[in-house]
Amino acid sequence: MKIPSLQIGDITARIPIIQGGMGVRVSLAGLASAVANEGGIGTIASVGLGDFEACKLDFERVCREALICELRKAKSLTDGPIAVNIMGVLSNAKDLIQTTAREGVRLIVSGASLPLKLPEMVEDPRALLIPIIRSGRAANLVLRAWDKRYQRTADAVIIEGPMAGGHLGFSVEQLQEPEKYALSILLPEVLDVIKPFEDKHGRKIPVIVGGGIFDGTDIARMLQAGAAGVQMATRFVCTVECDVAQEFKQAYLDAKEEDIVIIKSPVGLPGRAIRNRFLKNLETGLKEKINCPYRCLSTCNVAEARYCIAQALISAYLGDMNKGLVFCGQNAHRLHKIVTVKELIAELLAEIEAY
Ligand SMILES: Cc1cc2nc3c(=O)[nH]c(=O)nc-3n(C[C@H](O)[C@H](O)[C@H](O)COP(=O)(O)O)c2cc1C
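A brief look at the structure comes next. (Residues numbered from 1 in each chain as written. Predicted model: local features only at pLDDT ≥ 70, side-chain atom pairs only at ≥ 80, totals over all residues. Heavy atoms only, no water.)

### Focus: the packing of aromatic side chains
At step 1: Applying the stated criterion across every chain yields a total of three aromatic pairs.
At step 2: Measuring from ring centre to ring centre gives 5.1 Å for F278 and Y307, while their planes differ by 90 degrees; the resulting arrangement is edge-to-face. Linking F278 in helix α11 (residues 277-283) with Y307 in the loop between α11 and α12 (309-318), this pair joins segments that are 29 residues apart in sequence. With respect to burial, F278 and Y307 carry one shared label: buried.
At step 3: When the ring centre of F214 is taken as reference, the NZ or CZ atom of R235 above it lies at 4.4 Å. (Phe/Tyr/Trp six-rings, centres within 6.5 Å; stacked < 30°, edge-to-face > 60°. Helix = DSSP H or I, 4+ residues; strand = E, 2+ residues; numbered from the N terminus. Buried < 20%, exposed > 50% of the residue type's maximum accessible area, 1.4 Å probe, protein only. Lys NZ or Arg CZ within 6 Å of the ring centre and 35° of its normal.)

### Comments concerning the packing of helix α5 (residues 136-150) against helix α7 (residues 183-201)
At step 1: Remark: α5 packs on α7, axes separated minimally by 8 Å, with the N-to-C direction vectors making an angle of 15 degrees. In terms of axis orientation, α5 runs roughly parallel to α7. As α5 packs across α7, the resulting crossing turns out to be right-handed. Of α7, the residues touching α5 (which contributes G136, R137, A139, N140, L143, R144 and D147) are E189, V190, V193, I194, F197, K200 and H201.
At step 2: Its residues assigned to classes, the contact of α5 with α7 shows six nonpolar, three polar and five charged. (Axes fitted to C-alpha atoms, helices over the stretch in contact; angles between N-to-C directions. Parallel < 35°, antiparallel > 145°, perpendicular 65-115°, else oblique. Left-handed = near helix turned anticlockwise from the far one by under 90°. Contact = heavy atoms within 4.5 Å. Nonpolar A, V, L, I, M, F, W, Y, C, P; charged D, E, K, R; others polar.)

### A word on the nonpolar core
At step 1: I159, V209, I219, F236, Y252 and L325 are the most contacted members of the largest nonpolar core, which has 120 residues in total.
At step 2: A per-element tally of this core places helix α2 (residues 52-77) first, with nine residues.
At step 3: Both domains that meet at this core, namely domain 1 (6-244 + 335-354) and domain 2 (246-331), each give it at least three residues.
At step 4: Those residues in contact with V209 that lie beyond four places of it in its chain are I159, L183, L187, M222, A227, G229, V230 and Q231. (Core = buried A, V, L, I, M, F, W, Y, C linked by side-chain atoms within 4.5 Å. Domains from an automatic or database assignment.)

Note that all results are geometric; they support no functional claim without further evidence.
Set out below in structure tokens:
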């Protein structure tokens, strides 16, 4: 198959691959710029940035300054397209979105809740807004709300299926039957839903799919089925440029299929992670004392939470596997070596071309 480019608004990525945003600190400027330099779109995850202790004193300012730092670093490392992933459940989501736009980064990806009011959080008309959705129904809700309230539509849509990593937009029950929500089922459903909005607004809404996309054959199949591109995250963790500690990458390399589990996160959503010492300790009923003066997540129930998820994800980033929660996609157990982003993308492109 000939490799198509990916067009979102007036931004063109030479290859149809978006590196998915990975919080906390898994996809920072280092990884995102390496992907952008290879022709894809690199995504910086905006959640959980900034010094943890300093956040307790001035959460919004510390997070904002840390994001500015990552965005400027990425811009110094690449001229390619960079996106920022912002989880709608963050209490400072609006500030992060406005900071991103002010810094001139135009691709804004919103996940972890239905971004019904995203357009009113962005003042810059040049911002390109990309909601992450999990079904045709969700796509319809978002696009209808944007059309009615703001007379605009999405610049692209990302469908995230049940094989993805991190927090998931499916219930635990749905995750037991992932085949029912396979990307090959969700994609035609969403393509149907967006059609009237494309007609009304007179432009294409590219649909990007993610969650369990592993090799070039997976990518080619999705392109053939009508996707404009794919979003991949798990594979990018085992790259030299990924911003996490070596121990985090090693946890992926060591994971067997049965080590990849669904947890119920304090955020109130299911998540996919590697069952390491931290998760085994939690199974014994352990509950940490949480001192949380800033409520980073609007949906976190601090009184009931058994641990602080921000702290657990930062520990994982730092490589402390006793205290760290390691998020991963369902296919993490298929990874066996660390490669450079250049090598990974060259392999994927060769596989697409061979399809
Ligand atoms: C370690 C990790 C952290 C993630 N964090 C986020 C996040 O902060 N926000 C988000 O919208 N998606 C997050 N995701 C989901 C990815 O962006 C991506 O859509 C998904 O994992 C794609 O599936 P794959 O990992 O099988 O390629 C995360 C995924 C992983 C593996």
